[in-house]
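Residue-level structure breakdown
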Amino acid sequence: MQNPQYGFGPAVVDTNMPTPGSDLCSKLRLTLSARGLRDLDYFSKSDPLCVVYMLRDAHISKARKVEIGRTEIVKNCLDPEWNKTFVIDYYFEEKQPIIFEVFDADSKSQCLADHDFIGSAETTVGDIVGAQASTKFMKLVNNRHTGPYTKWGELKIVAEEADDAVKEVAMVTCHGVKLDKKDFFGKSDPFLKFYRIAEGNSKILVHQTEVIKRNLNPKWKPFEASMQRLCMNNPNTRLRIECFDYDRDGGLSHDYIGSCETTFERLRTKEDVEIPLINEKKREKKGKKYKDSGRLVFDSVSTRRHYTFIEYITAQTRLDFSIAIDLTASNGNPLAQNSLHYIDPTRCNQYQLACRAIAEILAPYNPSRTFEAMGFGAKIPPQGQTSFCFPLNMPSGFQVSGVDGIMNAYASCIRQVRLFGPTNFSPVINRAADIASCYPKDGSRYQVLLIITDGIISDFEPTIHAIIGASYLPLSIIIVGVGNDDFSRMEDLDSDSHLLTLEGRTAQRDIVQFVALRDFLSKYANANEISQLALLAKEVLAEVPAQVASYMNQNGIVPKPVDRSQIQPEASMYPPVNPQPTVPMSQPAYPANPAEFMPQPQLPTAPSAPPNF
């Protein structure tokens, strides 16, 4: 609500300032060094410099190789430690290819063709951040040289968060006393708006409380806001707090009760504890008879350190990845080309597209490259009973190695099971929750569960119960809807505006992200498959860093100190992962004629209530 008559300019909603835990984009500082470089000078050692590039628009065919910068030249040295660092934008949900080229400088020329090329290394920003302590070792390769040399040196890249400001979160608890009654037939329904006063006396909305119904002495829920958002990290910045009586028509219809001014510093030091709310119009009208329109009492005001996603990943938080694939009959006969499970050797189906897009982004954050792969809603061998949580990699078990391992297990499973139904989510969520509940309580592991489905949830309430329980665990859930079914109820699980509540239980945090793939594909219909993979990952993974940081901070988990001096090159630590062998395929469980594939699934008895976590 605007109140320019009170001496302030128009209110501005601060849409650019992140809330606590928002890590959609972070700044990374890269520090480079090398050792064992090839000596290309005859009478002295090489004079190395390193040039850093990033591939912009890497998901399209016309990717641009953009130079980020160059290090200084280190004279006469084969083990340089460059002083110049590089600050780049980091997006968890993108691959962000990055290239390092090392040269032996022969002159002061800015033209790289005038210098001797030693070697290059290519990786992604995610691979660097996901390496042990965000420190990656890479062998330099020289594809321009045709001689017998094979060793060109080793590059070391260290990634650190570039935001040097202390990340503080303000924690505020307050209540109102004897607020003015604004409703003719009842009490007021009060809520508060907190504004930061910017230059030019303009107001920037930084927080709004919930509405307390029919109460003149309301107690609002404690809230948190980043100090950056609340006061631009200056505790002496003026804050204006306005109190309103809620009106369901919204906007200017809310009745103004009164306002007050203070600063965060005054609240924290308890100089301001109980502040009168003043209604300027009412004071003008009543004169000396007017005292106030109620009082705002601050019970507790403090700050705490808020740790970021990058700090946890650098401190060795490992992201485990689980996938659950809908194998119900509504997907159609996998042998028919119109089936959602039809495997075309020339392009990915929607299940493969979603799986590969997300798994390839998450893989660098799990050094073991071992993932959980589940199927649900099919009749499985050897007895042919319906299962709502079974290993995709039959008969070897739930674990697969690498992204290719998931894809191979999926292709094999399709030929071994008979699609049936119904579409029950709670068993796979409960399995993921069981695994997450056994993690150490030190923040060393966090799980991301991807569910890919084509249909309406059959066990909606048990699924909500399972999600509410999982919200207290180190777990995030991504749901991708494929096909053309009605996914309206899926949106209810993605509770961005409110926390899930059922039968008196409320989720601790929002852990579900839902995307309907048809909407996404229609939006990017002209993009090639590589572009669609990158754009889909960006769409569904953007909230994961904030969810990881939210869980860790809410549970008081502090990132472990990092000792980079003990880190060795990755080659000695993580042996290459062999591609997952394809499980021998049994005879297809489907008739050759797709028209004959018309199973009529029988709904099983209602599943038992999931455990409370």
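What counts and how
Residues numbered from 1 in each chain as written. Predicted model: local features only at pLDDT ≥ 70, side-chain atom pairs only at ≥ 80, totals over all residues. Heavy atoms only, no water. UniProt positions renumbered as here; feature names shortened; annotations may be inferred. Helix = DSSP H or I, 4+ residues; strand = E, 2+ residues; numbered from the N terminus. Buried < 20%, exposed > 50% of the residue type's maximum accessible area, 1.4 Å probe, protein only. Areas by Shrake-Rupley, 256 points an atom, 1.4 Å probe, with all protein chains shown as cover. pLDDT = per-residue confidence, 0-100. Contact = heavy atoms within 4.5 Å. Salt bridge = Lys/Arg side-chain N within 4 Å of Asp/Glu carboxyl O. Pairing = 2+ DSSP bridges. Axes fitted to C-alpha atoms, helices over the stretch in contact; angles between N-to-C directions.

By the naming in an unreviewed UniProt entry, the protein is Copine-3, taken from Steinernema glaseri. The Function (unreviewed entry) field of the UniProt record for the protein holds the comment "Calcium-dependent phospholipid-binding protein that plays a role in ERBB2-mediated tumor cell migration in response to growth factor heregulin stimulation." Annotation of the protein in UniProt includes, under Subunit (unreviewed entry), the sentence "Monomer. Interacts with ERBB2 (preferentially with the tyrosine phosphorylated form); this interaction occurs at the cell membrane and is increased in a growth factor heregulin-dependent manner. Interacts with SHC1; this interaction may mediate the binding of CPNE3 with ERBB2. Interacts with RACK1."

Turning our attention to the overall build of the protein. Within the protein, the secondary structure is distributed over 14 helices and 29 strands. Classification of the 613 residues of the protein by burial places 54% in the buried group. Carbon and sulfur atoms provide 50% of the accessible area of the protein, an area that totals close to 28500 Å².

When pLDDT is averaged along the protein, the result is 84; 86% of the residues meet or exceed 70. pLDDT under 50 marks residues 1-23. Its contacts with residues more than four places away, or in other chains, come to 65 contacts.

The subject of this paragraph is the pattern of salt bridges. A complete count under the given rule lists 25 salt bridges for this structure. A salt bridge links E360 to K95; the shortest N-O distance between them is 3.1 Å. Of this pair, E360 sits in helix 6 (residues 350-362) while K95 sits in the loop between strand 5 (86-90) and strand 6 (97-104); the two residues are 265 residues apart in sequence, bridging distant segments of the chain. Residue K95 is classed as partly exposed on the basis of its relative accessible area, which comes to 45%. With its nearest N and O atoms 3.0 Å apart, the salt bridge here joins E242 to K203. Of this pair, E242 sits in strand 14 (residues 238-245) while K203 sits in strand 12 (residues 203-208), placing them 39 residues apart in sequence. This pair shows no difference in class: E242 is buried, exactly as K203 is. Where salt bridges share partners, they join K95, R356, E360 and D404 into one cluster.

Along helix 9 (residues 460-470), 10 of the 11 residues are buried, which leaves the element largely enclosed by surrounding structure. Here helix 9 has its buried residues at F460, P462, T463, I464, H465, A466, I467, I468, G469 and A470. Residues of helix 9 that are buried make contact with helix 8 (426-437), strand 26 (475-481), helix 10 (488-493), strand 27 (501-502), strand 28 (505-506) and strand 29 (512-516).

This part takes up the sheet that holds strand 3 (residues 48-56). Taken in spatial order, the four strands line up as 4-3-6-7 in an open sheet, and their pairing is antiparallel. What marks the edges here is a single partner per strand, and that holds for strand 4 (64-70) and strand 7 (116-124). Along the sheet, successive strands turn relative to each other by an average axial angle of 25°, direction set aside. Where strand 6 meets strand 7, eight bridges bridge the pair, whose relative direction is antiparallel. The residue bridging E101 from the neighbouring strand is S120, located in strand 7.

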